Protein chains: 2
Amino acid sequence: MARKRITPGKIRLAEVAKLAGVSPITASRFFRNPDALSAGKRARVESAAKELGYVPNLAARALASQRTEVIGVLIPSLTNNVFSDVLRGIYDTLDGSRYSIQLANTRYSILQEERLLRLFLAQKPAGLIVTGINQTADSRAIMETVDCPIVQIMELGPTPIDMMIGFSHFDAAKAAIGHLLAQGYRRIGFLGARMDPRVQRRLDGYRAAMTDAALFDPQNIVTTAIPTSVTLGGTLFADLLAKAPDIDAVFCVNDDLALGALFECKRRHMAVPEQMAIVGFNDLEFMASSEPTLSSVRTNRYEMGRNAAAMVIETLEGRRPTEPVVDLGFSVIERQSSARRG
Amino acid sequence: MARKRITPGKIRLAEVAKLAGVSPITASRFFRNPDALSAGKRARVESAAKELGYVPNLAARALASQRTEVIGVLIPSLTNNVFSDVLRGIYDTLDGSRYSIQLANTRYSILQEERLLRLFLAQKPAGLIVTGINQTADSRAIMETVDCPIVQIMELGPTPIDMMIGFSHFDAAKAAIGHLLAQGYRRIGFLGARMDPRVQRRLDGYRAAMTDAALFDPQNIVTTAIPTSVTLGGTLFADLLAKAPDIDAVFCVNDDLALGALFECKRRHMAVPEQMAIVGFNDLEFMASSEPTLSSVRTNRYEMGRNAAAMVIETLEGRRPTEPVVDLGFSVIERQSSARRG
DNA sequence: CAATCGCTTGGTAGCGCTGTCAATATCGGT
DNA sequence: ACCGATATTGACAGCGCTACCAAGCGATTG
């Protein structure tokens, strides 16, 4: 026969209730919905809890209430600056709230994403923040039946699972090319790495802009599945020059590639922007202080994280955002590397 | 009187046990210690669990067993590349294991760190990974009484709380200065930002090396509490040149500052390394592909994360690492930016 | 004055799992 | 065939909290 498993020093809700002279359930209510208590009891429970240094047992709460206060976050990469900015926004918003974060790394694999999703959902998260709109059919189906707030971040699409915050990568790339065209550049190359769905859409935007201007030439495109890096930017740019020596500008799908291309230009004593204009994407901090300064497309990553977290919290608190789809936009930042031609 | 709160569709351990024709406790053991079952029952429980798609309820497990399978990770910054590499190592190691990660951002504040530590510890984590050796006295005291594995990462110190993995920032900085001295540079400046404890120790290493060489001059040091950035690197370097126009080299406490200094040199048409040698710290990826390539001190951040997580797991599994303190070392990577003088 | 209403408070049972110990099955040795 | 030792299995209670219902209570109403 099992004996009593008493935990000696531990302060439980019952202790707090006893000291406060109320029933455990009343003490419990104090932590969940203090307004439901009379002022007197509220004060008594509060001071009792403080005096005993009571800390609720989250496992017990989760078990009894059948829900947790964990918000699951699925991102494709931990090292990409883009996601660390988003993450920072999420953490900044959730920090100090009752919610905590469960973070997982899909490594750009939607299969991995599906696996992690099942893992998360099994523990009944309070909310979910997932990256992008390209989930497996199963993932989508699962998420559509789950009844917790879900925010898709990083990009916009026609059929949100629940809520959505991001911007149009297609439009952003198109605007970047529009800028280069307006500056007088004509033979604009494209450098892409990783080629995840969002990068793919930037390529689509490039293609559309160039086609509209009757300047599209597939020879001017160099892409790879390899993860991005500054070094890779240099390599891809060299490849591009080999394929299309006559280009006068290059659009890079991210700033690391742009920086790599810039260094490669320097190595070849190729003047930027006189002989080669460069435009990046994301507008990381260093773009403004390179020599020459590098043009880019600014995206609002930190705000995306903040808003995504805020949308989840608001929904959980019953104040569902009036607009479930938020376009954070972008802006083309024009710097020396794409100064007007001639 | 309370009525049955039955959860209709949910698969519990009891269902699995019934289908497998064993008692619930035997099924429970299958998930915790399969070797304790006979081969027959093991197979039966396994297939029953698979057939029903059983997923254990972690909250119930945590409540019943009085412990969790969460490893708490406290790092000072989410955006700093250095920490994202470490994090990646931790996630890569813990991914696929039974353990999950609870990540929190101390924002370089040891008070914040203490607060988060109390928060974590209240939920009885399986293990803890904390950054550095400069905790508040209270934090230290708390951690010393807790009985879960704790790994301090990023740097080494004389009195580990439990386990420790990192390298000597003092020695690493000293080695970098030693390299510059060996290359023939004499008036070596120092650029520091953020000035957290580890950066402080790099400054100590710089001071020691310069003093040993009888070349120390406080005029050659520029530091700020502002968080680091490439732009800041340019600004600080300009400040340094204003204070000490005769320097022939600069040691930057991280690679972002080094890159900023490089750009500032370019802006001033100052040849690197002929007129100004530059050495950074951490050896981020871009250092190898800048123009000129930038020397740096390579640190093993990813390995640090991997090992820290592995040390926690090993301890939890009863295979405590024989050596609780691991020095991962560093290496000075000599590139164009610090080529031999003259 | 009884009936009704809304607010606050309490009682009871149970969330799904595992720690502890007891019971049983198995096995080798004599 | 008997004994003790070891390997498996099971029973029971309880981890700490909250959902649900009911009861108490004063105020309002016809």
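What counts as what
- Residues numbered from 1 in each chain as written.
- Chains lettered and ligands numbered in written order.
- Predicted model: local features only at pLDDT ≥ 70, side-chain atom pairs only at ≥ 80, totals over all residues.
- Heavy atoms only, no water.
- Buried < 20%, exposed > 50% of the residue type's maximum accessible area, 1.4 Å probe, protein only.
- Helix = DSSP H or I, 4+ residues; strand = E, 2+ residues; numbered from the N terminus.
- Right-handed = clockwise from strand over helix to strand, strands pointing away.
- Least-squares fit on C-alpha atoms with pLDDT ≥ 70 in both.
- Pairing = 2+ DSSP bridges.
- Axes fitted to C-alpha atoms, helices over the stretch in contact; angles between N-to-C directions.
- Contact = heavy atoms within 4.5 Å.
- Phe/Tyr/Trp six-rings, centres within 6.5 Å; stacked < 30°, edge-to-face > 60°.
- Lys NZ or Arg CZ within 6 Å of the ring centre and 35° of its normal.
- Buried area = accessible area lost by both parts, 1.4 Å probe.
- Salt bridge = Lys/Arg side-chain N within 4 Å of Asp/Glu carboxyl O.
- Polar contact = N/O pair within 3.5 Å; in protein donor to acceptor, adjacent residues only side chain to side chain.
- Nonpolar A, V, L, I, M, F, W, Y, C, P; charged D, E, K, R; others polar.
- UniProt positions renumbered as here; feature names shortened; annotations may be inferred.
- Core = buried A, V, L, I, M, F, W, Y, C linked by side-chain atoms within 4.5 Å.

Novice: Explanation requested: the pairing of strand β2 (residues 100-105) of chain A in the structure shown.
Specialist: For a regular strand, the rule is simple: side chains alternate between the two faces of the sheet. Among the six residues that make up β2(A), five are buried, leaving the element largely enclosed by the rest of the structure. Tracing the backbone out of strand β1 (residues 70-75) of chain A, into helix α5 (residues 81-94) of chain A and back to the parallel element β2(A) gives a crossover that is right-handed.

Novice: How should the relation of the copies chain A and chain B be read in this particular structure?
Specialist: The two chain copies are related to each other by a rotation about an axis together with a translation along it. When chain A is fitted onto chain B, the two copies agree to an RMSD of 0.2 Å after a turn of 180 degrees and an axial shift of 0.1 Å. In short, the pair behaves as if placed about a two-fold rotation axis. The C-alpha atom lying nearest the rotation axis in chain A is that of A59(A); the distance is 2.4 Å.

Novice: How should I be thinking about the sheet that holds strand β9 (residues 277-279) of chain B in this particular structure?
Specialist: Think of a sheet as strands paired side by side through backbone hydrogen bonds, with each pair either parallel or antiparallel. Residues and elements named next belong to chain B. On the basis of which strands lie adjacent, the open sheet formed by four strands has the order β7-β6-β8-β9 and parallel pairing. In this open sheet, the two strands that pair with only one neighbour each are β7 (221-223) and β9. Geometrically, the sheet is characterised by an average inter-axis angle of 15 degrees between neighbouring strands, direction not taken into account. Two strands pair when backbone bridges link them, and strand β6 (residues 188-192) and β7 are joined in this way by three bridges, in the parallel orientation. Across the sheet, the residue bridging to F190 is I221, located in β7. Contacts from helix α9 (residues 197-212) reach β6 and β7, with the element oriented near 170 degrees to β6.

Novice: Looking at this structure, how should I read the packing of aromatic side chains?
Specialist: Any two aromatic rings considered together are summarised by their centre-to-centre distance and by the angle between their planes. Taken as a whole and judged by the stated rule, the model has 16 aromatic pairs over all chains. Between F251(B) and F281(B), the aromatic rings sit 6.3 Å apart at their centres with planes inclined by 75 degrees, giving edge-to-face as the arrangement. On the criterion of sequence distance, the pair formed by F251(B) in strand β8 (residues 249-252) and F281(B) in the loop between β9 and β10 (296-299) is long-range, its members being 30 residues apart. Aromatic ring contacts, followed pair by pair, group F167(A), F190(A), Y206(A), F216(A), F251(A) and F281(A) into a single cluster. The ring of F281(A) carries the charged tip of R202(A) above its face, separated from the ring centre by 4.1 Å.

Novice: How should the interface of chain A and chain B be read in this particular structure?
Specialist: Note: interface size is frequently given as the accessible area lost on complex formation between the parts. Every contact between the two is made by 47 residues of chain A and, on the other side, 47 residues of chain B. Interface area, chain A with chain B, both sides summed: about 3900 Å², of which 52% is carbon and sulfur. Its salt-bridge partner being D92(A), residue R107(B) comes within 2.6 Å of it at the nearest N-O pair. There are 23 residue pairs in polar contact (both at pLDDT 80 or more) connecting chain A and chain B. Elements with a minimum of two residues in the side of chain A that touches chain B: α4 (58-65), α5, β2, α6 (110-122), α10 (230-243) and α11 (255-267) of chain A. Among the elements that line the side of chain A that touches chain B, the one with the most residues is α5(A), at seven residues. Looking at the side of chain A that touches chain B residue by residue, the classes come out as 20 nonpolar, 14 polar and 13 charged.

Novice: I'm lost on the environment of M304(A) in this one. Help?
Specialist: Here M304(A) is to be found in helix α12 (residues 301-316). Note: C-alpha distance between M304(A) and F31(A) (273 residues apart in sequence) is 31 Å.

Novice: Is there a simple way to think about the UniProt feature "domain: HTH lacI-type" (unreviewed entry) in chain A in this case?
Specialist: Following the UniProt record, the feature "domain: HTH lacI-type" (unreviewed entry) maps to residues 11-65 of chain A here. When the span residues 11-65 of chain A is considered, its composition is 71% helix and 0% strand, and the gap between its end C-alpha atoms is 20 Å.

Novice: So what exactly am I meant to see when it comes to the environment of V73(B) here?
Specialist: All names here are of chain B. On the secondary structure map, V73 appears in strand β1 (residues 70-75). For V73, a relative accessible area of 0% corresponds to the buried category. Distance from V73 to A309, taken between C-alpha atoms, is 9.8 Å for residues 236 residues apart in sequence. Every residue in contact with V73, bar those within four places of it in the chain, is listed here: L87, I90, I101, Q102, L103, A104, F120 and I129.

Novice: Honestly, the sheet that holds strand β11 (residues 325-327) of chain A in this entry has me stumped. Any pointers?
Specialist: Residues and elements named next belong to chain A. Strand order in the open sheet formed by six strands is β2-β1-β3-β4-β5-β11, with parallel pairing between adjacent strands. This sheet does not close on itself; its edge strands, each paired only once, are β2 and β11. Between one strand axis and the next, the sheet turns through 15 degrees on average, direction left out of account. Bridging between strand β3 (residues 127-131) and strand β4 (residues 150-155) involves four bridges; their strand directions are parallel. Bridge pairing in β4 links T131 to I153.

Novice: Help me out: how do you make sense of the pattern of salt bridges in this one?
Specialist: Two side chains with opposite charge may pair up if their charged atoms get near one another. Residue and element names in this part refer to chain A. A full pass over the atoms with the stated rule returns 50 salt bridges over all chains. The partner of R88 in a salt bridge is D85, and the shortest N-O contact between them spans 3.4 Å. On the criterion of helical spacing, the pair formed by R88 and D85 is a turn pair, its members being three residues apart in helix α5. The buried category is assigned to D85, whose relative accessible area is 13%. When the shortest N-O distance is used, the salt bridge between R320 and D162 registers 2.5 Å. Remark: D162 occurs in the loop between β4 and β5 (163-167) and R320 occurs in the loop between α12 and β11; sequence separation between them is 158 residues. In this structure R320 comes out as partly exposed when scored by relative accessible area, which is 42%.

Novice: What should I look at first to understand the side chain of R335(A) in this one?
Specialist: Along the chain, the position of R335(A) falls in the segment after β12 (330-333). A polar atom in the side chain of R335(A) sits 3.0 Å from the side chain of D283(A).

Novice: How do you make sense of the nonpolar core when you look at a structure like this?
Specialist: Considering soluble globular proteins, one finds that nonpolar side chains tend to be buried as a cluster. Grouped together as the largest cluster of nonpolar side chains are 159 residues, with contacts concentrated most on I278(A), F237(B) and I278(B). When near neighbours in sequence (up to four residues on either side) are disregarded, I278(B) contacts V250(B), C252(B), A258(B), A261(B), L262(B), C265(B), V272(B), L294(B), S295(B), S337(B) and S338(B).

Novice: Would you mind going over unusual backbone geometry with me for this structure?
Specialist: Residues and elements named next belong to chain A. Of note, the bond from V272 into P273 is cis; its omega dihedral lies within 30 degrees of zero at 10 degrees. Here the bond from E291 into P292 is cis, since omega is -5 degrees, no more than 30 degrees from zero. Unlike most non-glycine residues, R194 shows phi in positive territory, near 65 degrees. One can find R194 in the loop between β6 (188-192) and α9 (197-212). Positive phi is not limited to glycine here, since H269 has a value of about 50 degrees. Here H269 is to be found in the loop between α11 and β9 (277-279).

Novice: Can you help me understand the pairing of strand β8 (residues 249-252) of chain A in this one?
Specialist: All names here are of chain A. Neither face of β8 is exposed, since A249 and F251 on one face and V250 and C252 on the opposite face are all buried. In terms of strand pairing, β6 meets β8 through four bridges, oriented parallel. Residue L191 lies in a different strand from β8, and its bridge partner there is C252. In the sheet, β8 pairs with β9 via three bridges, with the strands oriented parallel. Residue pairing across strands places V250 opposite I278, the latter belonging to β9. Following the chain from β8 across α11 to the adjacent parallel β9, one finds a crossover that is right-handed.

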